[in-house]
Amino acid sequence: MNNNFKVLYEDNHIIVVVKPVNVLSQEDHTKDLDMLTMVKTYIKEKYNKPGNVFVGLVHRLDRMTSGVMVFAKTSKGASRLNEQIRQNQMEKKYFALVEGKTPAEGTLVNYLYKNEELVKSFVTDDKNKGKRAELRFETQKASKNQSLVDVSLITGRHHQIRVQFAHIGHPLVGDTLYGAKTKGPICLHAYYLSFLHPVTKEKLEFFENPLWKDEV
């Protein structure tokens, strides 16, 4: 297979990898390359496993988002990692390049709803219609035209970072779906992931900076 991802950690219960840009987290109607299938193939070939290989999809990254992902290699591991997500115990941080000069730091809280037809999320004032979305950010570098922000996700909603920054007038560079004036690839990368190992309960932390960060 084409090992188009990097393995950061692997044991009998979990595998942590880096998802490239433009790769799906899970197969959809397009049948394009996806991480779940790639991880299954990697395990099947590496360990010469016959038949179907179990890999649990614990969380997702958008197609155009790169970064660190954890997959479970057992059903027990998947269940315990999913419970951590429900209890808000899994920590995720992102680097995003946005248009304009952002404040030094801030917290964004909105209610978002997803339009399935448009595959796009919107901010709503109707709390019954939307789901609460919260993030915190710190600006790492800023100029008149763009800013590099370090984002800590408190919740995990569809296109959350993209729609919340667009809502305050700072869409991600290249993100024309949410009103960006610039064209080009969207620079959004999940650089940090932390969680408790589903069996040993040890706190695990993984870092992987995007290739474009030092060029900003």
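Just above, that's the structure.
Values in this document were obtained by computation on a predicted structure and should not be read as measured data.

Another aspect to go through is unusual backbone geometry. The phi dihedral of Asn22 falls on the positive side, at around 70°, and the residue is not glycine. Among the structural elements, Asn22 can be located in the loop between strand S2 (14-19) and helix H1 (35-46). The exposure class of Asn22 is partly exposed, given its relative accessible area of 42%. Even without glycine at this site, Lys31 takes up a positive phi of about 60°. As for its placement among the helices and strands, Lys31 is situated in the loop between S2 and H1. Note on Lys31: relative accessible area 60%, which makes it exposed.

A few words on the packing of aromatic side chains. If you walk through the whole model with that rule in mind, you get six aromatic pairs. Measuring from ring centre to ring centre gives 5.3 Å for Phe137 and Phe165, while their planes differ by 65°; the resulting arrangement is edge-to-face. Here the residue Phe137 occupies a position in strand S8 (residues 131-142), and Phe165 occupies one in helix H3 (residues 160-167), the gap between them amounting to 28 residues. Like Phe165, Phe137 is buried. Taken together, Tyr9, Phe195 and Phe206 form an aromatic cluster joined through their ring pairs. If you follow Lys93 out to its NZ or CZ, it ends over the ring of Tyr192, 5.2 Å from the centre. The positively charged end of Lys120 is found above the aromatic ring belonging to Tyr178, 5.5 Å away from the centroid.

All right, on to H3 then. For H3, the buried fraction is high: seven of the eight residues fall into the buried class. The set of residues buried in H3 consists of Gln160, Ile161, Arg162, Val163, Gln164, Phe165 and Ala166. As for H3, its buried residues are in contact with strand S5 (91-99), strand S6 (105-115), strand S7 (120-124), S8, strand S9 (146-153) and strand S10 (188-196). Gly169 sits one or two positions beyond H3 and adopts a positive phi of about 85°.

As a further point, take the environment of Pro20. Looking at where Pro20 falls in the secondary structure, it is placed in the loop between S2 and H1. Judged by its relative accessible area of 18%, Pro20 is buried. Sequence separation of Pro20 and Thr155 is 135 residues, and the distance between their C-alpha atoms is 22 Å.

Reported here for the largest pocket is a volume of approximately 1200 Å³. Sorting the residues of the lining of the largest pocket by element identifies S5 and H3 as the ones contributing at least two each. Ranked by the residues each element gives to the lining of the largest pocket, the list is headed by H3, at three residues. Across the lining of the largest pocket, the residue classes break down as 13 nonpolar, 12 polar and 10 charged. Taken as a whole, the second largest pocket spans an internal volume of roughly 170 Å³. Residues of the lining of the second largest pocket, tallied by class, amount to five nonpolar, three polar and two charged.

Rules behind the numbers
- Residues numbered from 1 in each chain as written.
- Predicted model: local features only at pLDDT ≥ 70, side-chain atom pairs only at ≥ 80, totals over all residues.
- Heavy atoms only, no water.
- Helix = DSSP H or I, 4+ residues; strand = E, 2+ residues; numbered from the N terminus.
- Buried < 20%, exposed > 50% of the residue type's maximum accessible area, 1.4 Å probe, protein only.
- Phe/Tyr/Trp six-rings, centres within 6.5 Å; stacked < 30°, edge-to-face > 60°.
- Lys NZ or Arg CZ within 6 Å of the ring centre and 35° of its normal.
- Contact = heavy atoms within 4.5 Å.
- 1 Å grid on protein atoms, 1.4 Å probe; cavity = no way out; pocket = protein on both sides within 12 Å on 5 of 7 lines; lining within 4 Å.
- Points joined across faces, edges and corners; volume = space filled by probe spheres on them.
- Nonpolar A, V, L, I, M, F, W, Y, C, P; charged D, E, K, R; others polar.

These figures capture arrangement, not role.
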